[in-house]
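One letter stands for each residue in the lines below.
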Amino acid sequence: MRRTSFALFLMLFLAACSPQRPQMPAALAAMPQAERDELLQGRSLYHIRGCAACHGIAGHGNGDRASRLVPPPMDFRLTNAYLQGSSQEAMAATIRTGLTNVKSAMPKNPFLSLEERMAISRYIIHMRENYK
Ligand code: HEC
């Protein structure tokens, strides 16, 4: 009996000492699961596909490659400046084709699925709303 309670004490002690898991921001935690999954997938792809290198980690158009580009990468906050539309659907289309009527460094991504492009666009909207 004493041994059991000691084991229990030890388990609780170790659990209390173990490093805390990073807390999810409250806005994310409150989201329905499907929406959160899309957002997190979009965030991964935004970085993996190199969008951040031009558009910046917060989407302000100031990534590492930005200073060498004319025109500069879009600052996603400037919703009136988008040439092909700033809605989730419009951006998902632009990610596939690039900018079609202007010469710019914006690449096309024909191998990303619609789901992936919608997820990235969702993350762009998230940046717009949260990273002022
Ligand atoms: C090599 C640099 C570069 C990379 C990489 C890049 N972009 Fe761009 N992006 C640009 C430039 C330059 C523009 C055009 C800005 C302008 O015309 O004013 C642009 C414009 C845009 C626009 C606005 C289009 C419009 O309607 O005007 C969106 C949305 C966008 N990029 C999303 C993305 C996403 C998502 C990725 C990653 C999949 C990405 N970009 C990767 C450089 C880049």
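Our subject is the structure that appears above.
**Points about the overall build of the chain**
Thinking step 1. Helix and strand content of the chain: six helices and zero strands.
Thinking step 2. Ordered by position from the N terminus, the helices and strands of the chain form the series α-α-α-α-α-α.
Thinking step 3. Considering the chain as a whole, with its 132 residues, one finds that 20% of them fall into the buried category.
Thinking step 4. When contacts within the chain are restricted to residue pairs at least 6 apart in sequence, long-range pairs at least 24 apart make up 45% of them.

**Notes on the nonpolar core**
Thinking step 1. Membership of the largest hydrophobic core comes to 13 residues, with the highest contact counts inside it found for Ile120, Tyr123 and Ile124.
Thinking step 2. Listing elements by their share of this core, those giving two or more residues are helix H4 (51-55), helix H5 (88-97) and helix H6 (114-130).
Thinking step 3. In terms of residues, this core owes the most to one element, H6, which gives five residues.
Thinking step 4. Contact partners of Ile120, with chain neighbours within four places excluded, come to Gly42, Leu45, Tyr46, Cys51 and Ile95.

**Topic: the packing of H5 against H6**
The axes of two packed helices give the description: the angle between them and the distance between them.
Thinking step 1. Two elements in contact, H5 and H6, have axes separated by 8 Å at closest approach and are oriented at 120°. Considering the angle they form, H5 stands oblique to H6. You can see that H5 and H6 cross each other, and the crossing is right-handed. Where H5 approaches H6, its residues Gln88, Met91, Ala92, Ile95 and Arg96 are matched on the opposing element by Leu114, Arg117, Met118, Ile120, Ser121, Arg122, Ile124 and Ile125.
Thinking step 2. Counted by class, the contact of H5 with H6 contains eight nonpolar, two polar and three charged residues.

**Considering the environment of Arg49**
Thinking step 1. Along the chain, Arg49 falls in the loop between helix H3 (33-48) and H4.
Thinking step 2. Residue Arg49 is classed as partly exposed on the basis of its C-beta count, with 17 C-beta atoms lying within 10 Å.
Thinking step 3. Along the sequence, Arg49 and Ile120 sit 71 residues apart, while their C-alpha atoms lie 9.8 Å from each other.

What counts, and where the lines are drawn
- Residues numbered from 1 in each chain as written.
- Predicted model: local features only at pLDDT ≥ 70, side-chain atom pairs only at ≥ 80, totals over all residues.
- Helix = DSSP H or I, 4+ residues; strand = E, 2+ residues; numbered from the N terminus.
- Buried ≥ 20, exposed ≤ 12 C-beta atoms within 10 Å, placed from the backbone.
- Contact = placed C-beta atoms within 7 Å.
- Core = buried A, V, L, I, M, F, W, Y, C linked by C-beta atoms within 7 Å.
- Axes fitted to C-alpha atoms, helices over the stretch in contact; angles between N-to-C directions.
- Parallel < 35°, antiparallel > 145°, perpendicular 65-115°, else oblique.
- Left-handed = near helix turned anticlockwise from the far one by under 90°.
- Nonpolar A, V, L, I, M, F, W, Y, C, P; charged D, E, K, R; others polar.

By themselves, these are just geometric observations and shouldn't be taken as functional.
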